[in-house]
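Structural characterization, general
The residues making up each chain are set out below.
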Amino acid sequence: SGGAVTTSAAAGQVYNDPVALGAHTSLTATGGVVAFAESVSGAGFDLSVTGTTVLGDSATDSITGVADLVITGPTTLNANTVTTTGTQTYDGGVTSTAATAVSLSAQGIDFRQAFDRGEPGIVPPLSITAGAGGVAFGGDVGTTGRPFGGVDVRSQGAVNLAGALHSSGAVAIASTGAAITGASGNAIRTPLGTVRLDAATGIGQAAAPIGIEATGVTAATAAGGIYLRAAGDPSNLWIG
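Summary of the structure given here. Please read these numbers as outputs of a predicted model, since none were measured by experiment.

Thoughts on the overall build of the protein
When helices and strands are counted, the protein shows zero helices and 26 strands. Over its C-alpha trace the protein gives a radius of gyration of 18 Å, about what one expects of a compact globule, namely 18 Å for 240 residues. When the backbone C-alpha atoms are referred to their principal axes, the protein occupies close to 55 × 40 × 25 Å. Looking at the protein residue by residue over its 240 residues, the buried ones come to 46%. Summarising the internal contacts of the protein: among those between residues at least 6 apart in sequence, 32% fall at separations of at least 24. As displayed, the protein has an accessible area near 9800 Å², and 54% of this comes from carbon and sulfur atoms. Separation between the mean location of the 7 positive side-chain charges and that of the 15 negative ones in the protein comes to 11 Å.

Side note on the sheet that holds strand S21 (residues 187-190)
In space, the three strands of this open sheet follow the order S18-S21-S24, with parallel pairing throughout. One side of each edge strand has no neighbouring strand; the edge strands of this open sheet are strand S18 (164-166) and strand S24 (212-214). On average, each strand axis in the sheet is tilted by 10° relative to the strand beside it, whichever way the strands run. Sheet topology note: the S18/S21 ladder contains three bridges and is parallel. Across the sheet, Ala-164 pairs through a bridge with Ala-187, a residue of S21.

A short note on the side chain of Thr-25
With respect to the helices, strands and loops of the structure, Thr-25 is situated in strand S4 (residues 25-36). Not counting chain neighbours up to four residues away, the residues in contact with Thr-25 comprise Gly-3, Asp-46, Leu-47 and Ser-48.

Quick look at the environment of Gly-240
One can find Gly-240 in the segment after strand S26 (236-237). Judged by its relative accessible area of 62%, Gly-240 falls in the exposed class. When the C-alpha atoms of Gly-240 and Gln-205 are compared, they prove to be 10.0 Å apart, with 35 residues separating the residues in sequence. Ignoring anything within four residues of it in the chain, the contact list for Gly-240 reads Pro-209, Ile-210, Gly-211 and Ile-212.

The rules behind these values
Residues numbered from 1 in each chain as written. Predicted model: local features only at pLDDT ≥ 70, side-chain atom pairs only at ≥ 80, totals over all residues. Heavy atoms only, no water. Helix = DSSP H or I, 4+ residues; strand = E, 2+ residues; numbered from the N terminus. Rg over C-alpha atoms; globule rule 2.2 N^0.38 Å. Buried < 20%, exposed > 50% of the residue type's maximum accessible area, 1.4 Å probe, protein only. Contact = heavy atoms within 4.5 Å. Areas by Shrake-Rupley, 256 points an atom, 1.4 Å probe, with all protein chains shown as cover. Lys, Arg positive; Asp, Glu negative; His and termini not counted. Charge placed at Lys NZ, Arg CZ, Asp CG, Glu CD. Pairing = 2+ DSSP bridges. Axes fitted to C-alpha atoms, helices over the stretch in contact; angles between N-to-C directions.

In structure tokens:
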């Protein structure tokens, strides 16, 4: 409830029990890591962390009830659920190690660098739900060797893909109130061949069309192969 904790030693800050915010809170560790070993409940308060951050130590942990969540350093996501009533901003790269489905929900989510899988051989699905603030992927999502086991993004705002999105399962991205866009060189990659993009005001841009590499598309793909819908008027569809 004090509002701020600042440390400089290499030990950083380690919270081995559940944490409950009683005020808008700023945690700063200039010499170590800020680690939450169990769940965090926000009670409607903001949480800002400066430095390398660890969220949870198992998939049973969660971050819930926080208003705005801002993390300036690299983040290790061991918990499988991060839910905020405001926005989520990750300035550093995010590495997910959860062995079960990973779920993030907020008014807007901004990944400013890559969102990676940290455990080879474990491919849980990734689910992201956002409000009007949209979703921005500032780097790759997964890698060729460590994909997510399916990706589902549902947003009222824009969805922007600046890098490659790697999935071993189906990919579904929907923007009910805006567009799906991407920076030059973006790509959606899945070996199962099921990709669904559904946007209110357009998919892709002339200088940065959405790249789709669905290598397993065949007549036997019961889920439908590739589905693209840009519903607005006017609405452009740019595919690379």
